[in-house]
Amino acid sequence: LEHTESYSLPLWFYSYSRKRILENTLSLTMLFPVRLTGTKYGCGTGGCGACTVMISRYNPTIKRISHHAANACLIPICSLYGAAVTTIEGIGSTKTRIHPVQERIAKCHGTQCGFCTPGMVMSIYTLLRNHPEPSLEQLTDALGGNLCRCTGYRPIIDACKTFCKVSRKEYFFFFKDLIILERISLKLFSEEEFLPLDPTQELIFPPELMIMAEKQPQRTRIFGGDRMTWISPTTLTALLEAKFKYPQAPVVMGNTSVGPEMKLKGVFHPVIISPDGIEELNFANCSHNELTLGAGLSLTQVKYILGEVIQNLPEEKTRMYRALLKHLRTLAGSQIRNMASLGGHIVSRHLDSDLNPLLAVGNCTLNLLSKKGKRQVPLNEEFLRRCPSADLKPEEILISVKIPHSRKWEFVSGFRQAQRQQNALAVVNSGMRVFFGEGGDIIRELSISYGGVGPTTVCAKNSCRKLIGRPWNEEMLDVACRLVLDEVTLPGSAPGGRVEFKRTLIVSFLFKFYLEVLQILKRMDPVRSPGLADKYESALEDLHSGHHCSTLKYENVDSKNLPQDPIGQPIMHLSGIKHATGEAIYCDDMPTVDRELFLSFVTSSRAHAKIVSIDLSEALSLPGVVDIVTEEHLRGVNSFCILSEPEKLLRTEEVSCVGQLVCAVIAESEVQAKQAAKRVKVVYQDLQPLILTIEEAIQHNSFFEPERKLEYGNVDEAFKVVDHILEGEIHIGGQEHFYMETQSMLVVPKGEDQEIDVYVSTQFPKYIQDIVASTLKLPANKVMCHVKRVGGAFGGKTYKTGIMAAITAFAANKHGRAVRCILERGEDMLITGGRHPYLGKYKAGFMNDGRILALDMQHYSNGGASLDESLLVIEMGLLKMENAYKFPNLRCRAWACRTNFPSNTALRGFGFPQAGLITESCITEVAARCGLAPEKVRMINMYKEIDQTPYKQEINAKNLIQCWKECMDMSSYSLRKAAVEKFNSENYWKKKGLAVVPLKFPVGLGSVAAGQAAALVHIYLDGSVLVTHGGIEMGQGVHTKMIQVVSRELRMPISNIHLRGTSTETVPNTNISGGSVVADLNGLAVKDACQTLLKRLEPIISKNPQGTWKDWAQAAFDESISLSATGYFRGYESNMSWETGEGHPFEYFVYGAACSEVEIDCLTGAHKNIRTDVVMDVGCSINPALDIGQIEGAFIQGMGLYTIEELHYSPQGVLYTRGPNQYKIPAICDIPTELHISLLPPSQSSNTLYSSKGLGESGIFLGCSMFFAIHDAVNAARQERGLFGPLKLNSPLTPEKIRMACEDKFTKMIPKDKPGSYVPWNVPI
Ligand SMILES: Cc1cc2nc3c(=O)[nH]c(=O)nc-3n(C[C@H](O)[C@H](O)[C@H](O)COP(=O)(O)OP(=O)(O)OC[C@H]3O[C@@H](n4cnc5c(N)ncnc54)[C@H](O)[C@@H]3O)c2cc1C
Ligand code: FES
Ligand code: FES
């Protein structure tokens, strides 16, 4: 680095015990250039935790070392001067010694794709460095900022629990009656074999850094880069001097506000001031009347200090601190709280700040300082609105904030509601304070402020003024609600949407505050104060909470199996330890190839438009830009076919959605490519019509051909004989794959014979090979596609990946240089599409007892701009729509709508999660109409024993009934239903709901050819085995299962067998990995290869039965017997005729049932998943740990689909939700507090691999048990409020939908905008 006026050292810091000196680094950049690849990059905006590292610093004043977890993607390198950074590589490796955290997360099966694992490990590791025996609260708190899309978190929690004081006694509690049975297993790992945690073995803090901190003079450090200067003052005087000299420079503390702005909004700061270790900013002082907190304290430190203060002061003085503490518990994840400063939080004045609304009502004062002197400004509405007279002056620094203690008769509360309970910005939050004066209930002072309802925190000043002097009673509340609604207004088109929900929350929070104060008043003066009826107290109670507790039950393998036979054993994921040490290599971890280039796409910004012109000149003139690939370069190869529909790689004439690829910039570096891509100027002319919603598609008759129909029995006749007929519909929103590893590829031209290697994160290597070969006009034998592992895919890494790989390969081939393309999270979400939104319409004819005799349905899916897999998705939706029910007369038609969105594609479950939900909604409505419990109507309509599906395939439903019964028993359904009813009758504002849903998931691909698979097995002369097959390892553990297969077939230990990855070079013409059958099909191919080898070797083995594999291999070689064999499986027998509506498309059915219980807050729409019980029929599990992992992971993904995952689009078709900060997948706070999983006893089936069943997708649907439990709770609320009509709830059942469905006087009170009188912020899709 260039250095500096004040200080002449290169920038250096310690990263996992090695000193790193950075040279030629851009001025402000992140940790990743160090290229320790263990730290993963999942979002770049602090929202996923994949990049978690531990930062340690030594404080020479108190002589203490502190450790905290932080998100590397937001850490400016310059801020690390003098810090020790521990990345995953630093805590343990397979080459040295693995750390107990790494060992346990792997052995407890807490990794699947492994992309989130290093971040998880670092969060737990840092927790243990600070608390070697953490509590369960500390544990879930530490993991609150880490997302995992695969596991469903349960195994990760299990791994962490082994470090806690509380051990896992619950196994023995829940299934206590079963432990006497030897064949039943309740554990997937054995704690006894774990390495002990020994804190003395941890890395020491580098002594050099300690000496430096002790000895070095406090001088400002200045780092100068090409475009930016970083100034780190170490004294207050120097800080003030710097701010005086550069008043426009931001004061970067945690960088959690400035960083994302620079990254996402392109804000550029030529100078940055970042104070380091200035004591005057990092102090806390609690005096008689107030607490003063330094602006430089991190939010974690503030949380800790508040906890201490609350312990030490009388309760009445701490009401503000309690309210702040409550918000700090859910504000962001722990990494962000560790980094973000109080000053940065206050000064950035985000509209959804959780602390500012509270501080604004608390008479707080900001202590400011500049070279010109001290100043105090109140933290009030004027400050929050940035009124010049009340704001910081550019040269001023916020030194501290003074928060007065609350007084007797003064009450303060904070409220917030977000899409997810934790680590999610609030939709609306609020701070409220009232002061009564001694002994009375007459309002003397009142302050109310809200976040999320305006450009910054908004105070209801006038309303509060008008309420002064009023007594605290219902009349006051009524007036207050109306005044506040008049003052805090939101236009119908307000950014962020959800306008009516926000308006309702404004008054709901006020009501909660009213009740809360009333309750305290009653406690303080029971005689004078009326207090609350018991029934209403529930408005104030927190939603159900408790420690996570989980149990598992599966049956042990057949005792006839040989002892070393691994089939049926809960073997750890083959890469588990490597995931946990960060040694597992993903596409972007591959080392840079000599002269490698980076490719960045320019995507369309209009949903339906003609491209008038594309101006590349400015972009091409930028330094480092090598080329821009446009359609002109691709002439003749720009078209290709996906499943018979022509598509284009790049668009130049017309675009039909936002996010279509227009051209691709190739530059020497990633930064240069991305900067240049922003400078490509595309001029559009909008075209009509713009079709976004399914309804608009229906109106414009915009469908992909053909329509599909399934018919059984005689629907029209049946409608004539039924007791009742109902008609209804349900909308189901889409879903983002949110694989943690974004689309990634590296294309390397070999420089010889036009050979090209494509390293890519894909589920479909053969397709990538084909599309690259056709784009480069090469035969397929010149193009090889290699996939080591994929960091999650869920259906999203197939066709779109192919398009991007083809363009990247074109660029690589053209320039004869390697080209890498890694999408940012936002680009990935924008370009790739996801699960199809659905509209389901139904007409059901049923009898008084709940039997459905006639069902006429229509499915409409939102397919987006091109066909992709939309037709297959609606077909699978149709074939699976009846779920577990026998409808004797059924007609279902389905259409894929052509709209102006990025084409939707495969996503785990492939049409079934939507189709199944439509059917279950219909059944729920039938039950309501009959006055019967939904589970009764489900049972009465369920398949019984041998039957026939609507496409006339035979089905034996014995295991379905068994799953259902076991689930009802295991969940103690009847008892808990009675308990739920009792709870609901006693609580007005909180309701519980319980629902049980059956599952029949047909497995098969509908065609024999689609199910063929191949494998290649080599035995080397030392007796070791190398196996490869056509399946992709994307977290589901297929490679682990394949090694188990080889081990059983060749009767050799697993340690003897290796698998390097998937490649078109070793196994050609592979099918796509998906549809739950990857292990089934490839396993049969691997088995075939092994049996071929065994047959060849049998004479040799029988000659020397005591020999080793080395002996046999050598003997075979000596006898010229080949030690290499291919294996092949031609696919399950399968057919389906859409002409006749008959066939045998599936090989087998996976059965299951799930029961879920939830609690909802009727005033806010929040919900808590209390308990889920799942029973699954998995046949004979090859690996119960992997299979249970698939069930749970899919269940949680399904729960996300049906409850919190919500995509928002603008009326112009632009996706708003482009990262973890806007799109919420389930986090650790969302998983059911209690989770019980039970596998049915093994059942035999003749055709599948060792009678196993594929489980990748089926569990998704069971997530809808949560949807129906919420439905049940909302229904209870509505019935109590006298609303008896049919309840129509769409998916996802978000807090907004829950709140608005629990209609009450507050939902009625809010102003409603006339449809058409405003342009909404988003269109519901
Ligand atoms: C993933 C993520 C999740 C989040 N979730 C939440 C949430 O749930 N609830 C919530 O309320 N917030 C949330 N936030 C916002 C977060 O609270 C703020 O970004 C953070 O508090 C800002 O603090 P900082 O130290 O990082 O600020 P920085 O980014 O370092 O600075 C922010 C601004 O403050 C100014 N500044 C900082 N200190 C001073 C000072 N002493 N004097 C003068 N000016 C100063 C800077 O000039 C700059 O303009 C989230 C942020 C992220 C990235
Ligand atoms: S990559 Fe840093 S939090 Fe997601
Ligand atoms: S294992 Fe957590 S994201 Fe895949």
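Residues numbered from 1 in each chain as written. Chains lettered and ligands numbered in written order. Predicted model: local features only at pLDDT ≥ 70, side-chain atom pairs only at ≥ 80, totals over all residues. Heavy atoms only, no water.

**Student:** Lay out empty space enclosed by the protein in plain terms, naming residues and giving numbers.
**Tutor:** The full count for this structure, using the stated rule, is 14 cavities of 30 Å³ or more. Here the largest cavity defines a volume of roughly 190 Å³. Forming the walls of the largest cavity are 17 residues, and the residues nearest its centre are Glu-647, Gln-660, Leu-661, Lys-800 and Ile-803. Counting only elements with at least two residues in the lining of the largest cavity, the list comes to strand 24 (645-648) and helix 25 (799-815). For the lining of the largest cavity, the element with the most residues is helix 25, which contributes 3 residues. For the lining of the largest cavity, the class distribution of residues is 9 nonpolar, 4 polar and 4 charged. What the second largest cavity holds in volume is close to 100 Å³. (1 Å grid on protein atoms, 1.4 Å probe; cavity = no way out; pocket = protein on both sides within 12 Å on 5 of 7 lines; lining within 4 Å. Points joined across faces, edges and corners; volume = space filled by probe spheres on them. Helix = DSSP H or I, 4+ residues; strand = E, 2+ residues; numbered from the N terminus. Nonpolar A, V, L, I, M, F, W, Y, C, P; charged D, E, K, R; others polar.)

**Student:** Describe the UniProt feature "domain: FAD-binding PCMH-type" (unreviewed entry) in the protein, with residues and values.
**Tutor:** Per the UniProt record, "domain: FAD-binding PCMH-type" (unreviewed entry) is found at residues 223-408. With 36% helix and 20% strand, residues 223-408 has end C-alpha atoms that lie 52 Å from one another. (UniProt positions renumbered as here; feature names shortened; annotations may be inferred.)

**Student:** Would you mind going over the sheet that holds strand 44 (residues 1124-1129) in detail, with residue names and values included?
**Tutor:** Spatial ordering of the open sheet is given by 42-41-40-44, a layout of 4 strands whose pairing is mixed. The open sheet has two free edges, formed respectively by strand 42 (1057-1058) and strand 44, since each of these has just one partner strand. Strand direction decides the pairing type here: strand 40 (residues 1013-1019) and strand 44, joined by 6 bridges, are antiparallel. Bridged to Val-1017 within strand 44 is Ala-1125. The strands touched by helix 33 (residues 1078-1103) are strand 40, strand 41 (1025-1029) and strand 44; relative to strand 44, the strand with the most contacts, the crossing angle is about 140°. (Pairing = 2+ DSSP bridges. Contact = heavy atoms within 4.5 Å. Axes fitted to C-alpha atoms, helices over the stretch in contact; angles between N-to-C directions.)

**Student:** I'd like to hear about the sheet that holds strand 27 (residues 681-686), residue by residue, with values.
**Tutor:** As summarised here, the arrangement of the 3 strands in space is 25-21-27, forming an open sheet in which the pairing is antiparallel. Here the strands that pair on one side only, and so sit at the sheet edges, are strand 25 (654-655) and strand 27. Bridge analysis of strand 21 (residues 609-615) against strand 25 gives 2 bridges, and the strand direction is antiparallel. In the sheet register, Lys-610 faces strand 25, and the bridge partner there is Glu-654.

**Student:** So what's going on with the site of ligand 1? Residues and values would help.
**Tutor:** For ligand 1, the set of nearby residues contains 31 residues, the closest of which are Val-251, Met-253, Thr-256, Ser-341 and Asp-354. Backbone polar atom of Val-258 to an oxygen atom of ligand 1: 2.8 Å apart, as the coordinates give it. A distance of 3.1 Å separates an oxygen atom of ligand 1 from a polar atom in the backbone of Ala-332. In isolation ligand 1 offers 970 Å² of accessible surface; the protein chains occlude 92% of this area. Looking at the shell around ligand 1, the elements with two or more residues in it are helix 13 (342-348) and strand 14 (397-404). If one sorts the elements of the shell around ligand 1 by residue count, helix 13 sits on top with 4 residues. Among the residues making up the shell around ligand 1, the classes are represented as 16 nonpolar, 12 polar and 3 charged. (Near = heavy atom within 4 Å. Polar contact = N/O pair within 3.5 Å; in protein donor to acceptor, adjacent residues only side chain to side chain. Areas by Shrake-Rupley, 256 points an atom, 1.4 Å probe, with all protein chains shown as cover.)

**Student:** Outline the pairing of strand 35 (residues 852-864), listing residues and values.
**Tutor:** Strand 35 sits mainly inside the fold: 13 of its 13 residues count as buried. Of the pairings in the sheet, the one linking strand 34 (residues 838-846) to strand 35 comprises 9 bridges and is antiparallel in character. Paired with Ala-844 across the two strands is Leu-855, which belongs to strand 35. Hairpin geometry of strand 34 and strand 35 is characterised by an intervening segment of 5 residues between the two adjacent antiparallel strands and by a positive phi of about 100° at Gly-850. For the handedness criterion, the β-α-β arrangement of strand 35, helix 27 (residues 870-880) and strand 36 (residues 890-898) is classed as right-handed. (Buried < 20%, exposed > 50% of the residue type's maximum accessible area, 1.4 Å probe, protein only. Right-handed = clockwise from strand over helix to strand, strands pointing away.)

**Student:** Account for the environment of Lys-187, naming residues and giving values.
**Tutor:** One can find Lys-187 in the loop between strand 6 (184-185) and helix 7 (207-215). By relative accessible area, which is 29% here, Lys-187 ends up partly exposed. C-alpha separation for the pair Lys-187 and Ala-1185, spaced 998 residues apart in sequence, amounts to 9.1 Å.

**Student:** How would you summarise the UniProt feature "binding site: FAD" (unreviewed entry) in the protein if you had to cite specific residues and measurements?
**Tutor:** The sites that carry the UniProt feature "binding site: FAD" (unreviewed entry) are, in the present numbering, Val-251, Val-252, Met-253, Gly-254, Asn-255, Thr-256, Ser-257, Val-258, Asp-354, Leu-398 and Arg-416. For the residues just named, distributed over 166 residues, the greatest C-alpha separation reaches 28.3 Å, placing them at more than one site. With respect to the secondary-structure elements, Val-252 resides in the loop between helix 8 (236-245) and helix 9 (258-265). Assessed through its relative accessible area of 1%, Val-252 is described here as buried.

**Student:** Got a sec to walk through the environment of Asn-1082? Specific residues and values, please.
**Tutor:** Within the secondary structure layout, Asn-1082 lies in helix 33. Put simply, Asn-1082 and Gly-110 are 972 residues apart on the chain and 25 Å apart in space, counted from C-alpha to C-alpha. Leave out the neighbours within four places in its chain, and Asn-1082 touches Ala-1013, Ala-1014, His-1029, Gly-1030, Gly-1031 and Met-1042.

**Student:** An account of helix 31 (residues 973-986) is needed here, citing residue identities and associated values.
**Tutor:** Structural remark: α-helix, 3.6 residues per turn; residues separated by three or four positions point the same way. With 14 residues, helix 31 extends 20 Å from end C-alpha to end C-alpha; this agrees with the ideal 20 Å at 1.5 Å per step. Listed in full, the buried residues belonging to helix 31 are Tyr-973, Arg-976, Val-980, Phe-983 and Asn-984. Buried residues of helix 31, viewed axially, fall in a sector of 95°; they line one side. For helix 31, the exposed residues lying more than 90 degrees away from the buried face are Ser-974, Leu-975 and Lys-982. Looking at the packing, one finds that the buried side of helix 31 touches helix 29 (934-941), helix 30 (958-970), strand 39 (990-1003), strand 47 (1148-1161), strand 48 (1167-1177) and helix 37 (1264-1280). (Expected span 1.5 Å × (residues − 1). Arc of directions from axis to C-beta.)

**Student:** An account of the state of the cysteines is needed here, citing residue identities and associated values.
**Tutor:** Inspection of every chain in the model, using the stated rule, returns 0 disulfides. The thiol sulfur of Cys-821 is not disulfide-bonded, and the nearest other cysteine sulfur, from Cys-587, lies at 9.5 Å. Of the residues examined, Cys-821 reaches a relative accessible area of 1% and is grouped as buried. (Disulfide = S-S within 2.5 Å.)

**Student:** Help me get a handle on the packing of aromatic side chains, residues and values and all.
**Tutor:** With the rule as written, the count across this model stands at 32 aromatic pairs. Where Tyr-860 meets Trp-895, the ring centres are 4.8 Å apart and the plane angle is 10°; that geometry is what we call stacked. Taken together, the residues Tyr-860 in strand 35 and Trp-895 in strand 36 connect sequence positions 35 residues apart. For the pair Tyr-860 and Trp-895, a shared accessibility class is recorded, and that class is buried. (Phe/Tyr/Trp six-rings, centres within 6.5 Å; stacked < 30°, edge-to-face > 60°.)

**Student:** Got a sec to walk through unusual backbone geometry? Specific residues and values, please.
**Tutor:** Gln-688 connects to Pro-689 through a cis peptide bond whose omega is -5°. Along the chain, Pro-689 falls in the loop between strand 27 and helix 22 (694-699). Cis geometry is adopted by the peptide bond preceding Pro-1292, which originates at Ser-1291 and carries an omega value of 0°. Looking at the element boundaries, Pro-1292 is found in the loop between helix 37 and helix 38 (1295-1301). In this model, Ala-332 sits at a positive phi of 50°, which is unusual for a non-glycine residue. As for its placement among the helices and strands, Ala-332 is situated in the loop between helix 11 (319-330) and helix 12 (334-339). In this structure, Asn-1069 takes a positive phi of about 55° despite not being glycine. With respect to the helices and strands, the residue Asn-1069 is situated in the loop between strand 43 (1062-1063) and helix 33. Exposure remark for Asn-1069: the relative accessible area of 56% places this residue in the exposed category.

**Student:** Describe in detail the nonpolar core, supporting the description with residues and values.
**Tutor:** Of all hydrophobic cores here, the largest spans 312 residues; its most connected members are Tyr-450, Trp-472, Ile-807 and Met-1176. If you tally residues by element for this core, the top one is helix 18 (residues 499-524), at 15 residues. In this structure, Tyr-450 is in contact with Pro-357, Val-428, Asn-429, Ser-430, Met-432, Thr-456, Thr-457, Val-458, Val-484, Val-488, Ile-506 and Leu-510, ignoring residues within four places of it in sequence. Membership of the second largest hydrophobic core comes to 53 residues, among which are Val-309, Ile-310, Val-377 and Leu-398. (Core = buried A, V, L, I, M, F, W, Y, C linked by side-chain atoms within 4.5 Å.)

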